[in-house]
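Now for the letters of each chain:
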Amino acid sequence: MRDRRALALPLLLALAACSPPPAPTSEPPSASAPPDPGVAPPVVELLAPGASSPDRPQAQLIGWSERMSDELNIPRAALQAYGYAQQMMNASAPSCGLSWTVLAGIGSVESSHGRHGGARLDETGRPEPRIIGLPLDGSAGVKAIRDTDGGGLDGDPVWDRAVGPLQFIPSTWRKYEVDADGDGIADPQDLDDAALTAGRYLCAVGHDLRDGDRFWAALLDYNQSRSYGQDVLDYADHYGKTSRSLPAQG
């Protein structure tokens, strides 16, 4: 079995050694890029850029997430975040072809979809307790990144730490951050925001994730480790194929 711990100095996300997330019940088979995009989420009403909303728009995908959550072992709120991010990116960057399965693959490897270290993901897509990585202080296996946010996101005024279920480092988060659920705050601990921010990054680099070479270019820019990328790809493809095998809703 390949190591699924994502300890390989990611450029965008972890950049820190972490203990492994909960082990999957079975290891997905090796896949080739691009991964299966899975069952598309139903069309929902999307927030306009910068708009606020009293209700979480991702909750429009409750029915879609209910159909797949248990079988895929992905929390419902995480599936809703991934599916909504796909629709937002398909609207703003249709040529990118981002799928929810790619985001789910990243979420699985980075934090078991917000469940790293015994955390639990609530119905709004936030882990409790919050997920914060080790200090990026240049110790063995860890890149040195001095503080870039005054400790605002990670609580560390000396060294940066990766934050949230998708483990963004603060400087990268500030570059691509977006408030995806209309609550007025772009928060890396909120998987709604983190999923769409990751989608923006991947599309900015890869341009067309339906092309195998472009998919790998984006993923290796996201994280230079080829083994990490293969893990993400394998989970993404597994989620996509499995979603197609489930009974139709209703």
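Residues numbered from 1 in each chain as written. Predicted model: local features only at pLDDT ≥ 70, side-chain atom pairs only at ≥ 80, totals over all residues. Heavy atoms only, no water.

A few points about the environment of leucine 191
Mapped onto the elements, leucine 191 comes out in helix α5 (residues 191-206). Separated by 64 residues in the primary sequence, leucine 191 and proline 127 place their C-alpha atoms 8.3 Å from one another. Excluding residues that lie within four positions of it along the chain, leucine 191 makes contacts with Ala78, Ala81, Tyr82, Leu121, Gly125, Pro165 and Leu166. (Helix = DSSP H or I, 4+ residues; strand = E, 2+ residues; numbered from the N terminus. Contact = heavy atoms within 4.5 Å.)

A few points about the packing of aromatic side chains
Here the structure, examined in full by the defined rule, presents six aromatic pairs. Note on phenylalanine 168 and tryptophan 173: the rings are 5.1 Å apart at their centroids and 65° apart in plane angle, and the pair reads as edge-to-face. A residue is classified by how much of its surface remains accessible, and tryptophan 173, at 0% relative accessible area, is buried. When the centroid spacing of 5.1 Å and the interplanar angle of 85° are considered together, the rings of tyrosine 176 and tyrosine 201 count as edge-to-face. Highlighted residues: tyrosine 176 in helix α4 (residues 170-176) and tyrosine 201 in helix α5, separated in sequence by 25 residues. On the accessibility criterion, tyrosine 201 (8% relative accessible area) is buried. Linked through ring pairs, Tyr176, Tyr201 and Tyr222 together constitute an aromatic cluster. Against the face of tryptophan 216 rests arginine 226, its NZ or CZ located 3.7 Å from the ring centre. (Phe/Tyr/Trp six-rings, centres within 6.5 Å; stacked < 30°, edge-to-face > 60°. Buried < 20%, exposed > 50% of the residue type's maximum accessible area, 1.4 Å probe, protein only. Lys NZ or Arg CZ within 6 Å of the ring centre and 35° of its normal.)

Points about the pattern of salt bridges
Taken as a whole and judged by the stated rule, the model has ten salt bridges. The shortest N-O distance in the salt bridge between arginine 126 and aspartate 183 comes to 2.7 Å. Here arginine 126, found in the loop between β1 (120-121) and β2 (127-128), pairs with aspartate 183, found in the loop between α4 and α5; they are 57 residues apart in sequence, far enough to count as distant. For the salt bridge of arginine 126 with aspartate 190, the shortest nitrogen-to-oxygen distance reads 3.0 Å. One end of the pair, arginine 126, is in the loop between β1 and β2; the other, aspartate 190, is in the loop between α4 and α5, and 64 residues separate them in sequence. (Salt bridge = Lys/Arg side-chain N within 4 Å of Asp/Glu carboxyl O.)

Considerations on unusual backbone geometry
Cis peptide bonds are those with omega within 30 degrees of zero, and the linkage from alanine 33 to proline 34 qualifies with 0°. In this fold, proline 34 is placed in the segment before α1 (62-72). Even without being a glycine, serine 112 presents a positive backbone phi close to 50°. Along the chain, serine 112 falls in the loop between α3 (100-111) and β1. Judged by relative accessible area, serine 112 falls into the buried class, the value being 7%. Of note in this structure, histidine 113 is not a glycine but carries a positive phi near 60°. Assignment of secondary structure puts histidine 113 in the loop between α3 and β1.

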